[in-house]
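Per-entry structural report
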Amino acid sequence: MIIDLPKTFRFYFSKKGNKKLKGKAEVKNGVLCIYGDVPFRRLMYNVTYCLKGKNKCAYCGKELGRKDVTLDHAYVQDMGGPTIPNNLEPCCSQCNSQKSNFSKEQYARFLLLNKADRKIYRKTVEKEQKLMRRNGMYSFPTEWLTQMDIKKFIVRVDLNKEFKGREYNRIKSIYQEYVILQRPIITDKDGFVLDGFPSLMLAKEEEIKVVPVIVLENVKVKF
Ligand SMILES: [Zn+2]
């Protein structure tokens, strides 16, 4: 898939500490080029702000101060929604928490309902989501998704217990119940893994050979 990118964009990253990190990213001829160490999610947040601004809630339209803005996953993370600009919306914290597990369209419908109906609607959506999971489905557009042989990935980080946190535990429990990898792996155009390391770890442990992937065709990691 192609992610939304601004015409010009530059991002520098450096972090001191026991593991020194340094990198940069820039948009060149419509391609987001990444050099060195750049935390992928943070990069996506910055691209999103550059594209969509920080001063207005995407859902209720409220004006926002610079510090009030939060980023919401329009297709929820719990249903596989990736951290990419196409799926991120700057919004107020009230909308972000109230929207919770709704998609953008579902939340718009929810806002029109009275209190009693809102409760019922939330339950209905929860049921729908469970059913989708049972059928091995994600909530985001199917054309974003491909399948890839796990051997074809380029991985430059150590897959170790650093990734065995809350996200990994959630992915594992969903896998045990529904036999679906809750979060697809995200790669650049050549299969370089950018996000989804806990999913990749679990896939290796469970010996899953072909996994769900979102390939970002206009992102390139340069060595
Ligand atoms: Zn709002």
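Criteria and thresholds
Residues numbered from 1 in each chain as written. Predicted model: local features only at pLDDT ≥ 70, side-chain atom pairs only at ≥ 80, totals over all residues. Axes fitted to C-alpha atoms, helices over the stretch in contact; angles between N-to-C directions. Helix = DSSP H or I, 4+ residues; strand = E, 2+ residues; numbered from the N terminus. Parallel < 35°, antiparallel > 145°, perpendicular 65-115°, else oblique. Left-handed = near helix turned anticlockwise from the far one by under 90°. Contact = placed C-beta atoms within 7 Å. Pairing = 2+ DSSP bridges. Domains from an automatic or database assignment. Nonpolar A, V, L, I, M, F, W, Y, C, P; charged D, E, K, R; others polar.

Two numbers describe how helix α5 (residues 166-178) lies on helix α6 (residues 197-205): the axes approach to 9 Å, and their chain directions differ by 45 degrees. Classified by the interaxial angle, the pair formed by α5 and α6 is oblique. α6 is crossed by α5, and the crossing has right-handed handedness. Of the residues in α6, those touching α5 at E167, Y168, I171, K172 and Y175 are P198, S199, M201 and L202.

As summarised here, the arrangement of the 4 strands in space is β1-β2-β3-β10, forming an open sheet in which the pairing is mixed. Each end of this open sheet is capped by a strand with a single partner; those strands are β1 (10-15) and β10 (219-222). Taking each pair of neighbouring strands and ignoring which way they run, the sheet shows an average axis angle of 15 degrees. In this sheet, strand β3 (residues 31-36) lies alongside strand β2 (residues 21-28) in antiparallel orientation, the contact comprising 6 bridges. Its bridge partner lying in β3, K24 is registered against Y35.

A few words on the domain arrangement of the protein. Interface extent is often summarised as the accessible area lost during association of the parts. Domains assigned within the protein are domain 1 (10-134) and domain 2 (142-222). Between the C-alpha centres of domain 1 and domain 2 the distance comes to 19 Å. Among the secondary structure elements, those contributing two or more residues to the side of domain 1 that touches domain 2 are β3, α1 (40-52) and α4 (115-134). Class assignment of the residues belonging to the side of domain 1 that touches domain 2 gives a composition of 7 nonpolar, 3 polar and 3 charged.

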